[in-house]
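Results of the structural survey
The residues making up each chain are set out below.
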Amino acid sequence: MQKKVLIAGQMAKLDLLLAKKLLERGFHVLYIQKTIELEEIKSLLEYPGFSFQNHDLCHSIFLKIDEIYDLSSFSIHEEESLEEFTKRAFFGFHHLLSLAKRSKAKILHLAKIEEENFSPYFQGKKVIEALCLEKQKEKMKAKIFWVPEQISQTLQSRKVPEELINSMCFFM
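Residues numbered from 1 in each chain as written. Predicted model: local features only at pLDDT ≥ 70, side-chain atom pairs only at ≥ 80, totals over all residues. Heavy atoms only, no water.

Observations regarding the pairing of strand β2 (residues 28-33)
Taken across its six residues, β2 has five buried, putting it largely inside the fold. Pairing geometry for strand β1 (residues 4-8) and β2, over five bridges, is parallel. Among the inter-strand pairings, K4 is bridged to a residue of β2, identified as H28. Here β2 runs beside strand β3 (residues 50-54); their pairing, made up of five bridges, is parallel. Within β3, the residue paired with I32 across the bridge is Q53. (Buried < 20%, exposed > 50% of the residue type's maximum accessible area, 1.4 Å probe, protein only. Helix = DSSP H or I, 4+ residues; strand = E, 2+ residues; numbered from the N terminus. Pairing = 2+ DSSP bridges.)

Here's the deal with unusual backbone geometry
In the Ramachandran plot, K104 falls in the positive-phi region, its phi being about 55° despite a non-glycine side chain. By secondary structure assignment, the location of K104 is in the loop between α3 (82-103) and β5 (106-112). Located in the positive-phi region is K139, a residue other than glycine, with phi close to 70°. If you trace the backbone, K139 turns up in the loop between α4 (120-137) and β6 (142-147). What makes K139 exposed here is its relative accessible area of 73%.

Let's talk about the pattern of salt bridges
In this structure the tally under the stated criterion is four salt bridges. For E67, the salt bridge identified is with K3, shortest N-O distance 3.0 Å. Of this pair, E67 sits in strand β4 (residues 67-70) while K3 is found in the segment before β1, placing the two residues 64 residues apart along the sequence. Judged by relative accessible area, which is 35%, K3 ranks as partly exposed. As a salt-bridge pair, E39 and K42 come within 3.9 Å of each other at their nearest N and O atoms. Given a relative accessible area of 52%, K42 falls into the exposed group. (Salt bridge = Lys/Arg side-chain N within 4 Å of Asp/Glu carboxyl O.)

Structural notes on the nonpolar core
By size, the foremost hydrophobic cluster in this structure holds 24 residues, and its most contacted members are L6, I32, I68, F93, L96, L97 and I107. Among the elements of the structure, β1, β2, α3, β5, α4 and β6 are those that each provide at least two residues to this core. Residues I7, L16, Y31 and Y69 belong to the second largest nonpolar core, which totals 23 residues. (Core = buried A, V, L, I, M, F, W, Y, C linked by side-chain atoms within 4.5 Å.)

Describing the environment of F52
Take F52: it is sitting in strand β3. The partly exposed category is assigned to F52, whose relative accessible area is 35%. If we skip the residues at most four places from it in the chain, F52 touches L30, Y31, I36, L38, I41 and L45. (Contact = heavy atoms within 4.5 Å.)

Things to note about α3
For an α-helix the count is 3.6 residues per turn, leaving residues at separations of three or four pointing the same way. Over its 22 residues, α3 extends 31 Å from the first C-alpha to the last, a length consistent with the 32 Å expected when each residue adds 1.5 Å. Listed as buried for α3 are F85, R88, A89, G92, F93, H95, L96, L97, L99, A100 and S103. (Expected span 1.5 Å × (residues − 1).)

So, the packing of aromatic side chains
According to the stated counting rule, one finds three aromatic pairs in the structure shown. Summarising the aromatic geometry, the rings of F90 and F91 are spaced 5.1 Å apart at their centres and angled 75° between planes, so their arrangement reads as edge-to-face. On the basis of relative accessible area, F91 is assigned to the partly exposed category, the value being 34%. Members of the aromatic cluster, connected to one another through ring pairs, are Y31, F50 and F52. (Phe/Tyr/Trp six-rings, centres within 6.5 Å; stacked < 30°, edge-to-face > 60°.)

Rendered as structure tokens:
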């Protein structure tokens, strides 16, 4: 049986390269974002196992899925306030956790390693970490994949190291 994988959110080209790697391995990939530009996913449309959906993770989503890769709160958008980012991060991850629980799916949340500070990203990230750790106590397969700062900076330049993609796939 073909595994069904959900990729939520985007980060540089990491989301697209991850989707391509999983499709090449024979997975069915559902790619969701609040807004999707068809030009960005054009190369993935040729894969029969690829589908996409516009969806705001601040609202629940009901599917049957095997694995979830959450890139949805990897970075704060310039126009977002602390409250907006924290709300998006919390509700988005909460709804993905609920989906994982209903589907008995594994979930991997992508987070960058940074020094403690009081940035909106850091505060929102702490909420997600707490939720993930709580679910691990409940024996859910919820993990955080930490991206070192130097790789995070590389991602900002839209260059994605192949070893990062391979590590994420292996991590699940």
